[in-house]
Every structure is written in structure tokens, then in C-alpha cells.
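Take a look at the letters that make up each chain.
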Amino acid sequence: MSDLPIRPDTPCVAVCSTTFDEICRGCGRSVTEVAHWVSMSAEAKEVVWQRILAQGYPRRNT
């Protein structure tokens with residue numbers, strides 16, 4: 001069994017915006033991370049989760 005924490009399937013909060021840069025204002029993922037999320041390994045997803053949580057994401061209505 002994996003030692004990875006239990007997380008939602010995706011950090012998406014349906015506040016999708018990459019208008020000003022390559023990072024979504026809702027979930028904090030890069031455009032590439034969003035595009036490849038479904039094919040990423042659990043370990044790769046956890047790396048993203050750790051980074052976005054440390055940066056204060058996911059955010060709703062900001």
C-alpha cells in the first residue's frame with residue numbers, strides 16, 4: 001500500500017484562469033500539469049499537490 005496521503009482526484013476548483021500567466025489562478029497548477037494530470041503517476045501528482053498547497057492553493061473565487 002502507498003504511503004501517499006489521500007487527496008481528492010484533482011485540485012481543480014472550477015475557477016480556471018490562465019489569462020495572465022501559465023499558472024491557473026484556481027488550482028495553482030501549470031497549463032502542462034493540468035493537461036497531463038490524468039496520465040501522471042500518483043507520486044508526480046503528490047509533488048504537485050505539495051507545491052500548490054504550500055503556495056496557498058487551491059483557491060476559490062480569488
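Residues numbered from 1 in each chain as written. Predicted model: local features only at pLDDT ≥ 70, side-chain atom pairs only at ≥ 80, totals over all residues. Heavy atoms only, no water.

Trainee: Can you walk me through the overall build of the chain in this structure?
Mentor: In terms of helices and strands, the chain carries two helices and zero strands. Against the 2.2 N^0.38 benchmark of 11 Å for 62 residues, the chain shows a C-alpha radius of gyration of 11 Å, consistent with a compact globule. Structurally, the chain occupies a C-alpha span of about 40 × 20 × 15 Å along its principal axes. Looking at the chain as a whole, 26% of its 62 residues qualify as buried. The long-range share in the chain, meaning contacts at least 24 apart out of those at least 6 apart in sequence, stands at 49%. Accessible surface for the chain amounts to roughly 4,400 Å². Of this, 57% is attributable to carbon and sulfur atoms. (Helix = DSSP H or I, 4+ residues; strand = E, 2+ residues; numbered from the N terminus. Rg over C-alpha atoms; globule rule 2.2 N^0.38 Å. Buried < 20%, exposed > 50% of the residue type's maximum accessible area, 1.4 Å probe, protein only. Contact = heavy atoms within 4.5 Å. Areas by Shrake-Rupley, 256 points an atom, 1.4 Å probe, with all protein chains shown as cover.)

Trainee: Would you take a moment to explain the side chain of serine 30 for this structure?
Mentor: Looking at where serine 30 falls in the secondary structure, it is placed in the segment before α1 (31–36). Those residues in contact with serine 30 that lie beyond four places of it in its chain are Glu22, Ile23 and Arg51.

Trainee: I would appreciate a short explanation of the packing of aromatic side chains in the present structure.
Mentor: The description of two aromatic rings rests on the distance between their centres and on the angle between their planes. Evaluation of the coordinates by the stated rule reveals zero aromatic pairs. Above the ring of tryptophan 37, the side-chain terminus of arginine 29 is found at 4.9 Å from the ring centroid. (Phe/Tyr/Trp six-rings, centres within 6.5 Å; stacked < 30°, edge-to-face > 60°. Lys NZ or Arg CZ within 6 Å of the ring centre and 35° of its normal.)

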